[in-house]
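Coordinates in review
Take a look at the letters that make up each chain.
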Amino acid sequence: MVLAYSSKYVFNRDRGCFVYYEVFIDVLFVINFVMDYFLLRLACRLLGHSATWLRSLAGAAIGAAGICLLAVFPMGRILNTILIHVVVNTIMVRFGCNLKKWREIAQGVLVLYGAGFLLGGMLLMLQRATGSRGVRAFFLLGTVSYMLLAAGIRVCSRAKRKRARLLRVWLYANGKCHEGRGLYDTGNQLWDPVSNKPVSIGDSAILETLFSPQVRDGLLKFGEGENPVDAGLLVSLHPHFLPFSSVGCPHGTALAVTLDYLCVEGLEVHKVITRPVIAFPRENSSFSGDYQVILHPNLIDS
């Protein structure tokens with residue numbers, strides 16, 4: 001929000017005299033309206049609220065109108081400051097960000113000031129870098145500053161959501177444990193018709209950690225349709241095949257085994273799943289270095 005007062009004479013230290021300033025109320029309104037709209041949109045992004053741009057426009061209009069009224073009818077510097085920072089900003093955030101509870105409104109006002117600090121700093125940096133001055137340059141650089149900050153917030157939000165979907169997992173089988181990361185994926189709808197359980201998808205590298213060479217070779221032979229040398233080692237794992245479809249593979253099969261335990265831990269999740277079913281597709285194109293297990297959403301949400 002751009003603050004302005006109705007004083008016509010201001011002492012200029014560089015010139016050593018009073019300088020006359022004339023403020024146009026329409027220019028003052030437009031400047032505050034545009035900047036308030038940018039601040040409200042940034043605040044909505046930071047708060048995670050999905051207020052429409054029409055609401056933000058209405059809130060910006062309220063804030064700009066309040067500034068203009070206090071500029072035309074000033075009530076003293078201290079009272080003007082209180083009205084702007086408490087009353088006008090509160091009403092502007094209440095309507096512009098669609099906040100209803102007083103706690104949310106107070107948080108919104110603080111976030112608004114944070115957004116103003118970021119936007120003002122970015123605008124000042126661009127002004128110094130370009131040497132641009134004037135109302136047109138102010139609007140242009142203000143728009144560029146808003147777009148840069150909005151893009152930065154969007155990138156940070158995506159990274160935060162991605163981190164929230166990554167959970168720590170521990171897989172247990174035959175007294176051995178594999179620790180890694182699991183991806184909470186709502187697109188995983190694989191279900192085991194044999195045990196009637198949700199199925200998570202694992203990287204084939206997990207087989208090397210959890211099982212002995214004899215068990216691992218037996219599973220590989222079973223997956224290739226051959227009879228294992230010692231089938232008794234595989235009885236507790238209940239190996240079987242599951243049909244699945246995915247992007248790039250409309251018709252595929254995966255080797256499914258039943259482990260002893262699956263422990264999942266995240267910011268708000270701490271669960272232990274007994275006898276989880278894990279499928280190991282022949283191709284591991286879905287895995288990246290960030291995770292080794294694609295978790296079924298029912299394991300987390302149930």
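Please read all numbers here as calculations on a predicted model, not as lab measurements.

**Quick notes on the overall build of the chain**
In terms of helices and strands, the chain carries eight helices and 12 strands. The contacts of the chain with a sequence gap of at least 6 include a subset with a gap of at least 24, amounting to 61%. Entry remark: accessible area of the chain is about 17,900 Å², with carbon and sulfur atoms responsible for 61%.

**Considerations on the pairing of strand β6 (residues 197-202)**
The buried fraction of β6 amounts to five of the six residues, a majority that puts the element mostly inside the structure. Two strands pair when backbone bridges link them, and strand β5 (residues 191-192) and β6 are joined in this way by two bridges, in the antiparallel orientation. Note that in β6 the partner of tryptophan 191 across the bridge is proline 198. Between β5 and the antiparallel strand that follows it, β6, lie four residues; asparagine 196 among them carries a positive phi value of about 60 degrees.

**Focus: the packing of helix α4 (residues 102-130) against helix α5 (residues 135-165)**
Helix-helix packing is described using two parameters, namely the angle between the two axes and the distance between the axes. Closest axis-to-axis distance for the α4/α5 pair is 9 Å, and the angle between their directions is 125 degrees. By the angle between their axes, α4 is oblique relative to α5. Regarding α4 and α5, the two cross each other, and that crossing is right-handed. Contacts from Leu118, Leu119, Met122, Leu123, Leu126, Gln127 and Thr130 in α4 reach Phe138, Leu141, Gly142, Val144, Ser145, Tyr146, Leu148 and Leu149 in α5. Of the residues assigned to the contact of α4 with α5, the class counts are 11 nonpolar, four polar and no charged.

**Here's the deal with the environment of leucine 255**
Here leucine 255 lies in strand β8 (residues 249-258). Taking the relative accessible area as the measure of exposure, leucine 255 reaches 9% and is therefore buried. When residues no more than four places from it in sequence are discounted, the contact partners of leucine 255 are Leu219, Phe222, Pro239, His240, Phe241, Ile278, Ala279 and Phe280.

**Remarks on the packing of aromatic side chains**
Scanning the entire structure with this criterion turns up four aromatic pairs. Each ring, one from phenylalanine 29 and one from phenylalanine 33, has its centre 5.9 Å from the other, and the planes form 10 degrees; the classification is stacked. With phenylalanine 29 and phenylalanine 33 both in helix α1 (residues 25-47) and four residues apart, the pair spans about one turn of that helix. Aromatic side chains tyrosine 37 and phenylalanine 38 sit 6.2 Å apart centroid to centroid with 55 degrees between the ring planes, which places their arrangement in the tilted category. For phenylalanine 38, a relative accessible area of 8% corresponds to the buried category.

**Focus on helix α7 (residues 213-223)**
Of the positions making up α7, those classed as buried are Val215, Gly218, Leu219 and Gly223. Relative to the axis of α7, the buried residues are bounded by an arc of 135 degrees and lie together on one face.

**A short note on the nonpolar core**
The biggest cluster of nonpolar side chains holds 31 residues, and the ones touching the most others in it are Leu42, Cys97 and Leu119. Looking at this core, the elements with two or more residues in it are α1, α3 (77-96), α4 and α5. Counting residues per element, this core draws most heavily on α1, at 10 residues. The contacts of leucine 119, once residues within four sequence positions are left out, are Met35, Phe38, Leu39, Leu42, Gly142, Ser145, Tyr146 and Leu149. Counting residues in hydrophobic clusters, the runner-up holds 26 residues, among them Leu210, Phe211, Ile273 and Leu299.

**Some points on the pattern of salt bridges**
Evaluation of the coordinates by the stated rule reveals three salt bridges. One salt bridge connects arginine 168 with glutamate 179, and the closest N-O pair in it is separated by 2.8 Å. Taken together, the positions of arginine 168 in strand β3 (residues 166-173) and glutamate 179 in strand β4 (residues 176-184) put the pair 11 residues apart, joining distant regions of the chain. For arginine 168, the salt bridge identified is with glutamate 265, shortest N-O distance 3.9 Å. Separated by 97 residues along the polypeptide, arginine 168 in strand β3 and glutamate 265 in strand β9 (residues 261-265) bring together distant segments of the chain.

Thresholds, definitions, all that
Residues numbered from 1 in each chain as written. Predicted model: local features only at pLDDT ≥ 70, side-chain atom pairs only at ≥ 80, totals over all residues. Heavy atoms only, no water. Helix = DSSP H or I, 4+ residues; strand = E, 2+ residues; numbered from the N terminus. Contact = heavy atoms within 4.5 Å. Areas by Shrake-Rupley, 256 points an atom, 1.4 Å probe, with all protein chains shown as cover. Buried < 20%, exposed > 50% of the residue type's maximum accessible area, 1.4 Å probe, protein only. Pairing = 2+ DSSP bridges. Axes fitted to C-alpha atoms, helices over the stretch in contact; angles between N-to-C directions. Parallel < 35°, antiparallel > 145°, perpendicular 65-115°, else oblique. Left-handed = near helix turned anticlockwise from the far one by under 90°. Nonpolar A, V, L, I, M, F, W, Y, C, P; charged D, E, K, R; others polar. Phe/Tyr/Trp six-rings, centres within 6.5 Å; stacked < 30°, edge-to-face > 60°. Arc of directions from axis to C-beta. Core = buried A, V, L, I, M, F, W, Y, C linked by side-chain atoms within 4.5 Å. Salt bridge = Lys/Arg side-chain N within 4 Å of Asp/Glu carboxyl O.

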